[in-house]
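# Summary of the model geometry
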Amino acid sequence: MTSDQQAILDIRGLTVRLPARADRGNAIENVSFSVLPHEILCVVGESGSGKSVTAHTVMGLLPPKQLTATAGQVLLQGDDLLKKTPGEMRALRGARMSMIFQEPMTALNPLMSIGDQIEEILQIHTQMSAAESHGRMIEVMEAVKLPEPERLIHSYPHQISGGQRQRVMIAGALALEPILLIADEPTTALDVTTQAQILKLIKDIQRTHGTAVLFITHDFGVVAEIADRVVVMQHGLVVEQGEAKNVLTNPQHPYTRMLISSVPSMTPPKRPDTAAAPVVLETQALCKTYADRSLFRAARETRAAHNVDLTVRRGETLGVVGESGSGKSTLARCIVRLIDPTGGQILIDGHDIAGLSERRLRENRRLVQIIFQDPYRSLNPRRTVKASIIEGPMNFGVSKAEALTRASDLMTLVGLDPDALDRFPHQFSGGQRQRICIARALAMNPEVLIADEAVSALDVSVQAQVLELLDDVRKRFNLAILFITHDLRVAAQICDRIAVMYKGEIVEHGKAAEVFGTPSHDYTQALFNAAPGRDFEFGNFASA
Amino acid sequence: MLAFIAKRMVAIIPVMGVVALFVFLMLRLSPGDPASIIAGDYASPADIERIREQLGLNAPIPVQFGKWLWTLAHGDLGISIFTNLPVSKLIAQRIEPTLMLASTTLVFAVLVAVPLGIIAAWKAGTWIDRAIMIFAVAGFSIPVFVLGYILIFQFSLELRWFPVQGYTSPFVDFWKFLRHITLPTVTLSVIYIALITRITRASVIEVMEEDYIRTARAKGQSERIVLMRHALKNAAVPIITVIGLGVALLIGGVVITESVYNIPGLGRLVVDAILKRDYPIIQGLILVFSLVYVMVNLLVDIIYTLVDPRIRY
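Numbering of residues begins from 1 in every chain and follows the order in which that chain's sequence is written. Chain A is the first chain written and ligand 1 is the first ligand written, with later ones labelled in order. Restriction of local features to residues with pLDDT of at least 70 applies here, the model being predicted, together with a cutoff of 80 or more for giving and counting side-chain atom pairs; totals for whole chains, interfaces and linings are based on all residues. Derived side-chain values reflect all non-hydrogen atoms in the structure, with water molecules and hydrogen atoms excluded from consideration.

### Topic: the overall build of chain A
Secondary structure is summarised from DSSP: a helix means a run of H or I of at least four residues, a strand means a run of E of at least two, and numbering begins at the N terminus for each. Counting its secondary structure elements, chain A contains 20 helices and 20 strands. Taking the principal axes of its C-alpha atoms as reference, chain A extends roughly 70 × 60 × 45 Å. Think of it in three bands: with a 1.4 Å probe and only protein chains considered, a residue is buried below 20% of the maximum accessible area for its type, exposed above 50%, and partly exposed in between. Out of the 544 residues in chain A, the part that is buried amounts to 55%. Residues count as neighbours in contact if any of their non-hydrogen atoms are within 4.5 Å of one another. Pairs at least 24 apart in sequence give 71% of the contacts found in chain A among residues at least 6 apart. Surface accessibility follows the Shrake-Rupley procedure with a 1.4 Å probe radius. Residue values consider only the protein chains on display as shielding. As displayed, chain A offers around 23600 Å² of accessible surface, 48% of which is attributable to carbon and sulfur atoms. Charge convention: Lys and Arg are scored as positive, Asp and Glu as negative, and His as well as the terminal groups of each chain are ignored. Think of each charge as sitting on NZ of Lys, CZ of Arg, CG of Asp or CD of Glu. Between the centroid of the 57 positive side chains of chain A and the centroid of its 62 negative side chains there is a distance of 5 Å.

### Section: the nonpolar core
All names here are of chain A. We call a set of buried Ala, Val, Leu, Ile, Met, Phe, Trp, Tyr and Cys residues a nonpolar core when their side-chain atoms join them within 4.5 Å. Membership of the largest hydrophobic core comes to 92 residues, with the highest contact counts inside it found for Leu180 and Phe215. If you tally residues by element for this core, the top one is helix α7 (residues 162-174), at six residues. Three or more residues apiece are contributed to this core by two domains, here domain 1 (1-96 + 179-238) and domain 2 (103-175). Other than its neighbours up to four places away in sequence, leucine 180 contacts Ile8, Leu9, Val58, Leu76, Arg96, Met97, Ser98, Thr211, Ala212 and Leu214. Formed by 55 residues, the second largest nonpolar core is a distinct cluster that contains Ala441, Ala454, Ala491 and Phe528. Delimitation of the domains relies on an automatic or database domain assignment.

### With respect to the domain arrangement of chain B
All names here are of chain B. Per the domain assignment, the segments making up chain B are domain 1 (2-73) and domain 2 (95-307). Computed over C-alpha atoms, the centres of domain 1 and domain 2 are 33 Å apart. When two components associate, each loses some accessible surface as probed by a 1.4 Å sphere; the sum of these losses over both components is called the buried area. Between domain 1 and domain 2 lies a buried interface of about 1600 Å² when both sides are counted; carbon and sulfur atoms form 76% of it. When residues of domain 1 are sorted by the area they lose upon contact with domain 2, Arg8, Met16 and Leu27 head the list and together hold 29% of the total. Criterion for a salt bridge: a side-chain nitrogen of Lys or Arg within 4 Å of a carboxyl oxygen of Asp or Glu. Counting across the domain 1 and domain 2 interface gives one salt bridge. Among the ionic pairs, arginine 8 bridges to aspartate 301, the shortest N-O distance being 2.5 Å. Distance and chemistry together define a polar contact, namely a pair of N or O atoms within 3.5 Å, with one atom able to donate a hydrogen and the other to accept it when in protein, and with adjacent residues in sequence counting only for side-chain atoms on both sides. For the pair domain 1 and domain 2, the number of links is two residue pairs in polar contact (both at pLDDT 80 or more). Mapped by element, the contributors of at least two residues to the side of domain 1 that touches domain 2 are α1 (2-29), α2 (34-39) and α4 (61-73). A per-element tally of the side of domain 1 that touches domain 2 places α1 first, with 13 residues. Just so you know the grouping, Ala, Val, Leu, Ile, Met, Phe, Trp, Tyr, Cys and Pro go in nonpolar, Asp, Glu, Lys and Arg go in charged, and all remaining residues, Gly too, go in polar. When grouped by side-chain class, the residues that make up the side of domain 1 that touches domain 2 number 17 nonpolar, one polar and three charged.

### Section: the layout of surface pockets
All names here are of chain A. What the second largest pocket holds in volume is close to 590 Å³. Lining the second largest pocket are 24 residues, and of these Gln369, Ile370, Gly392, Arg440 and Met444 lie nearest its centre. Of all the elements in the fold, those that place two or more residues in the lining of the second largest pocket are α13 (358-364), β16 (368-371), α14 (385-395) and α16 (430-442). Classifying every residue of the lining of the second largest pocket gives 13 nonpolar, seven polar and four charged. Buriedness for pockets is judged along seven lines, at least five of which must meet protein on both sides within 12 Å for an open set on the 1 Å grid over protein atoms alone, while cavities are sets there where a 1.4 Å probe fits but cannot get out, and lining residues have an atom within 4 Å of a point. Grid points are joined across faces, edges and corners, and a volume is the space filled by probe spheres set on the points.

### Here we look at the interface of chain A and chain B
Between chain A and chain B, the contact holds 25 residues from the first and 19 residues from the second. Three residues, A:Arg90, A:Leu111 and A:Glu120, lead the burial of chain A against chain B; their summed loss comes to 27% of the area buried on that side. Its salt-bridge partner being A:Glu120, residue B:Arg229 comes within 3.7 Å of it at the nearest N-O pair. Where chain A touches chain B, the interface holds 13 residue pairs in polar contact (both at pLDDT 80 or more). Secondary structure elements with two or more residues in the side of chain A that touches chain B: α1 (51-59), α3 (104-107) and α4 (114-125) of chain A. Here the side of chain A that touches chain B takes seven residues from α4(A), the largest share from any one element.

### A closer look at the side chain of B:Ser290
Looking at the element boundaries, B:Ser290 is found in helix α12 (residues 279-307). When residues no more than four places from it in sequence are discounted, the contact partners of B:Ser290 are B:Met16 and B:Val19.

### What about the sheet that holds strand β18 (residues 480-485) of chain A?
Residues and elements named next belong to chain A. When DSSP locates at least two bridges between a pair of strands, those strands are taken to pair. Ordered in space as β16-β17-β18-β13-β19-β20, the six strands form an open sheet in which the pairing is mixed. This sheet does not close on itself; its edge strands, each paired only once, are β16 and β20 (505-511). Taking the axes of each pair of neighbouring strands and ignoring which way they run, one obtains an average angle of 20° across the sheet. Pairing geometry for β16 and strand β17 (residues 448-452), over four bridges, is parallel. Following the sheet pairing, valine 368 is matched in β17 by valine 448. To obtain an axis, a line is fitted to C-alpha atoms, over the contacting stretch when the element is a helix, and the angle between two such axes runs from 0 to 180 degrees between their N-to-C directions. Set on the sheet, helix α20 (residues 522-530) makes contact with β19 (497-502) and β20; between it and β19 the angle comes to about 100°.

### What to know about the domain arrangement of chain A
All names here are of chain A. Each assigned domain of chain A is listed here: domain 1 (1-96 + 179-238), domain 2 (103-175) and domain 3 (279-377 + 446-529). Placing a centre on the C-alpha atoms of domain 1 and another on those of domain 2 gives a separation of 23 Å. With 16 residues of domain 1 at the interface, the matching set in domain 2 holds 14 residues. Buried area between domain 1 and domain 2, summed over both chains or domains, comes out near 1100 Å², and the portion from carbon and sulfur atoms is 72%. It is Ile198, Leu201 and Ile205 that lose the most area in domain 1 upon contact with domain 2, and together they represent 35% of the buried surface on that side. Seen at the junction of domain 1 and domain 2, the total is zero salt bridges. Secondary structure elements with two or more residues in the side of domain 1 that touches domain 2: α2 (86-92) and α8 (192-209). If one sorts the elements of the side of domain 1 that touches domain 2 by residue count, α8 sits on top with seven residues. Here the residues of the side of domain 1 that touches domain 2 are counted per class, giving ten nonpolar, three polar and three charged.

### Quick look at the sheet that holds strand β8 (residues 212-217) of chain A
All names here are of chain A. Pairing is mixed in the open sheet, where six strands are placed in the order β6-β7-β8-β3-β9-β10. The strands lining the two open edges of the sheet, one partner per strand, are β6 (97-100) and β10 (237-243). Each strand of the sheet is rotated relative to its neighbour by a mean of 15°, with strand direction disregarded. Sheet topology places strand β7 (residues 180-184) next to β8; five bridges connect them, and they run parallel. Along β8, the bridge assignment pairs leucine 180 with alanine 212. Lying on the sheet, α8 is in contact with β3 (40-44), β6 and β8; it crosses β8 at an angle near 155°. Strands in contact with helix α11 (residues 254-262) are β9 (229-234) and β10; relative to β9, the strand with the most contacts, it is inclined by about 105°.

Pasting the structure below:
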């Protein structure tokens, strides 16, 4: 940082108070950092770190009466934003500083056309004629590389892809050439290949327009990809800041060291050979086709999964990676028979369960258990943890006393206090809930455990712990695990073998080290090239 | 879209068939006998038997139902037992006041309730919001006939602003029509206003929490336009749903309101017919009401597609 450059955004000693009875007094406390012209500053932190609150304070978008800035200054080119009236803030928002958000689907008004939503910002802040604002709109849409802008302006958000939606958001945000762009997790909800494109777009725009960017993320891969400087936040405090290279390679604060150490490596570790173990789960030409039939026209078919052949051996983890819509979750749900496959076989210990009747299937339900992505929604909020865990075994004739003993053993195993069995899910954190879900699955003594994006909703430090737990139970119970994920880093760390899914089919399949080392299929290569921070080896500072 | 409407129109036929069956069976199962009512208090059992025979009420139930369906299939609602007039003619004579009352009520209720709900949502948590919600709860709680008589007492008898009872067609004298229809409209509207206000408030409050509202604010849009341009249209679908469902409520309310204000509409016709067990009239009216309800629901589904581009049939 050179001192002669005036900062675009300078935050000094900012404190935002939480409402009474929150778990801490202030959402953020004494936060100071600045964003210089022509730079991308990344604010990193886990959920609850206060990074979004900081961004919303700058924009003046804090929910009124709930969160209030009580101390400090927010200087936009030397002008204190905290002293502005609501009217003055409105004039600045969208014109001199813009913001884009995490989930472009919900951030766009579903009932307004794309064009109206981009043009709105010109109508608010300028006196442009209809022709002028139309021209400018097309111009920014071309700048963010939206295809066929003249046609697209009449579309609605649900008619375009996720990446295009985020481009629309960016087009609107850039329409008036703001000096500051705030991006709040703008690529978190996107697929990895789309994410790579959007990151590149933000970087290009920042270079060509000289916009200062405040980029909020939880993902160190993204930081390595895009940041000039980094601010690390924890529990509402800035714990470390500096040049991106320095922070990533030589973190000083213990929390930063822990965070960076938790980022899984893209290089798979050496794992024991499992080729000799017996096959527990095998699918043969498994298909799931959704048909939309109508009386008046030909049926429209969607092949969600097509001719999927895979095997999982005892004590081994098979990773299925792919982007949204690739069919990986459909595959998982078919194997658990939550949905019925339309073709092929699912062999569990050599017995086909693909075509079993509901009644015959119920006897086999115990064998395959699944853990879902969102631990907040996969536990019944009105039932105690105990009730959730013992229900399965008791359905299979285990006595209540025995099920309870097993439940409390499992709680210890997953690292929770058995005394907590009488509590309700909301009394646990996200990571703890996922541990409960694992305990619930294990209570059934399954042969196969399916983890469907089981760590995707978790913070990176918690994610590392849950991954460790999963690997531990695999060894302990000699389980076959089918691990579904979109996150290549996670897959590299936990899987023995990897299957890459694309448009419902498995396009590549092999040992983790081979797939990661020498990907052969074009799509796999594209996927790996898109992974943020792929060239950056995150150090392990845990022992240091 | 046209294919959808056509499909729904065709689907109305079996729906009406099921309604017809139920209406018919319910009436035959309920106590009371039109023949003994026609015959009067001093009739002998033989007289009653003769009248039953004349009216065809002695035939087996399936035969009676079959006969009725046959006439229905020819677009004929049958002949009233008491007046010997065609049911369709009786309904045609009485339908105008009811249609007028239902429409004024619907329009009045929506015009009052939607703004009230928006104001309550806008001022959520303040005394204005609370006052509106108290009014809404009160509106739910007060029976139509109680409210009707209170209004008549206050505005007709005490203040003499409006006539006590009766009806004038707007095609005869529009001013007189307005004077006659005002109190019944207010009476019938209250429960409807309460319902729509609550839904509007809840729906707007929910929408104001959405991400795209935050986006609109981030664009520098003023709060008023955020509400009018971004929030209202998104809040509309549940409001329209309730307005549509409420038409059923309206039909029930019309019957009572017409009795209170002595309006010669379908409500009065149905009450009289029930008291006299005039089966053809009751059956015909329920079929007409059901048809209206089904058509309103179709209309609601069509309006959805105009509001929300994501809804396509």
